[in-house]
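# Breakdown of the fold
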Amino acid sequence: MSTRDDDLRRIESEVGSLIRRVKRVMGERARDVHPDLHPMTYVILTHLATNGPMRGADLSDAFGMDKGGVSRQVQALVDLGLVERQPDPEDRRAILLDATDEGRKRLEVMGRHRSDRFDERLAAWSDAELAGFADKLAAYNTALSDD
């Protein structure tokens with residue numbers, strides 16, 4: 001029988017495995033979108049596709065990155081044709097960043113492929129098991145949200 005301390009160490013270990021898997025998967029997803037796409041740049045692309053258009057400063061704030069770092073990542077996305085710059089209609093001096101139609105299309109194709117694979121890997125889990133795990137994971141993230 002394990003103790004609470006053993007269970008907490010086991011959770012830390014499993015979360016560590018999850019983090020390593022997420023890093024690997026982010027690299028795979030980035031390459032699925034474009035062979036030259038860096039994982040961090042992929043994350044920026046998905047953020048823009050979901051929340052754009054937005055200014056570079058807003059993107060910097062969203063990721064806690066300096067403007068120069070974001071600018072380099074954005075330039076890589078522009079060079080790959082996945083992000084575009086456009087004038088802000090409310091302030092023509094400002095520039096908005098947004099995913100291109102091509103960027104959105106590539107994310108959608110990759111997302112469908114990954115979603116199908118995820119569903120296939122968890123096919124043996126019942127709907128109740130999936131819901132229970134999602135609930136526990138949400139509770140875990142809420143409990144540690146200040147970390």
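Figured I'd write up the structure that's included with this text. Residue positions are given per chain, counted from 1 along the sequence in the order it is written. It should be noted that, the model being predicted, local features are given only for residues of pLDDT at least 70 and side-chain atom pairs only at 80 or more, the latter also being counted only at that level, while totals for whole chains, interfaces and linings use all residues. Heavy atoms from the whole structure form the basis of all side-chain values; hydrogens and water molecules are not counted.

## Considering helix 4 (residues 67-79)
Quick note on the threshold: Each helix is a run of H or I in the DSSP string that is no shorter than four residues. Each strand is a run of E no shorter than two, and both are numbered from the N terminus. Each residue after the first adds 1.5 Å to the expected span of a helix. Relative accessible area decides the class of each residue, using a 1.4 Å probe on protein chains only: under 20% of the type maximum gives buried, over 50% gives exposed, and in between gives partly exposed. Arc definition: directions from the helix axis to the C-beta atoms. It only takes one pair of heavy atoms within 4.5 Å for two residues to be counted as in contact. Polar contacts here mean pairs of N or O atoms no more than 3.5 Å apart (in protein, one a potential hydrogen donor and the other a potential acceptor; neighbouring residues in sequence count only if both atoms are side-chain atoms).
With 13 residues, helix 4 extends 18 Å from end C-alpha to end C-alpha; this agrees with the ideal 18 Å at 1.5 Å per step. Of all the residues in helix 4, the buried ones are Gly69, Val70, Gln73, Val74 and Leu77. Around the axis of helix 4, the buried residues are gathered within 130° of arc, so they sit on the same side. Within helix 4, the exposed residues directed more than 90 degrees away from the buried face are Lys67, Arg72 and Asp79. On its buried face, helix 4 sits against helix 2 (39-51), helix 3 (56-63), strand 1 (83-88) and strand 2 (91-99). A distance of 3.0 Å separates the backbone nitrogen of Gly68 from a side-chain oxygen at the start of helix 4, and that oxygen is part of Asp66. Gly81 sits one or two positions beyond helix 4 and adopts a positive phi of about 80°.

## Re the pattern of salt bridges
Condition: The working definition used for a salt bridge is a side-chain nitrogen of Lys or Arg within 4 Å of a carboxyl oxygen of Asp or Glu.
Applying the stated criterion across every chain yields a total of 11 salt bridges. Residue Arg55 is joined to Asp88 by a salt bridge in which the shortest nitrogen-to-oxygen separation is 3.1 Å. Remark: Asp88 occurs in strand 1 and Arg55 occurs in the loop between helix 2 and helix 3; sequence separation between them is 33 residues. The partly exposed category is assigned to Arg55, whose relative accessible area is 33%. For Lys105, the salt bridge identified is with Glu102, shortest N-O distance 3.7 Å. Here the residue Lys105 and the residue Glu102 both occupy positions in helix 5 (residues 101-121), the gap between them amounting to 3 residues, near one helical turn. Among the charged side chains, a salt-bridge network with shared partners connects Arg55, Asp88, Asp91 and Arg93.

## With respect to the packing of aromatic side chains
This is how the line gets drawn: Here is the rule: rings of Phe, Tyr and Trp (six-membered ring for Trp) pair when centre to centre is within 6.5 Å. Planes less than 30 degrees apart are stacked, more than 60 are edge-to-face, and the remainder are tilted.
For the structure on display, the rule yields 1 aromatic pair. Here Trp125 and Phe133 contribute two aromatic rings whose centre-to-centre distance is 5.6 Å and whose plane-to-plane angle is 90°, an arrangement assigned as edge-to-face. Given the relative accessible area of 33%, Trp125 is considered partly exposed. Classification of Phe133 by relative accessible area gives partly exposed; the value is 45%.

## Some points on the environment of Met54
Counting through the fold element by element, Met54 comes out in the loop between helix 2 and helix 3. On a C-alpha basis, the gap between Met54 and Lys105 in space is 19 Å, while along the polypeptide they are 51 residues apart. Those residues in contact with Met54 that sit more than four places away from it in its chain are His47, Leu48, Leu59, Ile95, Leu96 and Leu97.

## Observations concerning unusual backbone geometry
In terms of backbone geometry, most residues other than glycine have negative phi values and most peptide bonds are trans. Looking along the chain, the bond that leaves Gly52 and enters Pro53 is cis, with omega of -5°. Structurally, Pro53 can be placed in the loop between helix 2 and helix 3.

## Re the pairing of strand 1
Within a regular strand, the side chains alternate between the two sheet faces. Selection criterion: Between any two strands, at least two bridges found by DSSP are needed for them to pair.
Judged from the 6 bridges that link them, strand 1 and strand 2 form a sheet pairing that is antiparallel. Across the sheet, residue Pro87 finds its bridge partner in strand 2, namely Ile95. In sequence, strand 1 turns back onto strand 2 through a hairpin of 2 residues.

## Focus: a nonpolar patch on the surface
We count it as follows: Patch membership needs two things, relative accessible area over 30% and no salt bridge, and members are linked within 9 Å if like-charged or within 5 Å if nonpolar (Val, Leu, Ile, Met, Phe, Trp, Tyr). We get accessible surface area from the Shrake-Rupley algorithm with a probe of 1.4 Å; when it comes to residues, only the shown protein chains can shield them.
Side chains of Leu8, Ile11, Trp125, Leu130, Phe133, Leu137, Tyr140 and Leu144 sit close together on the surface and give an oily, nonpolar patch of about 640 Å² of accessible area. Elements with a minimum of two residues in the nonpolar patch: helix 1 (4-33) and helix 6 (127-143). Counting through the fold element by element, Trp125 comes out in the loop between helix 5 and helix 6.

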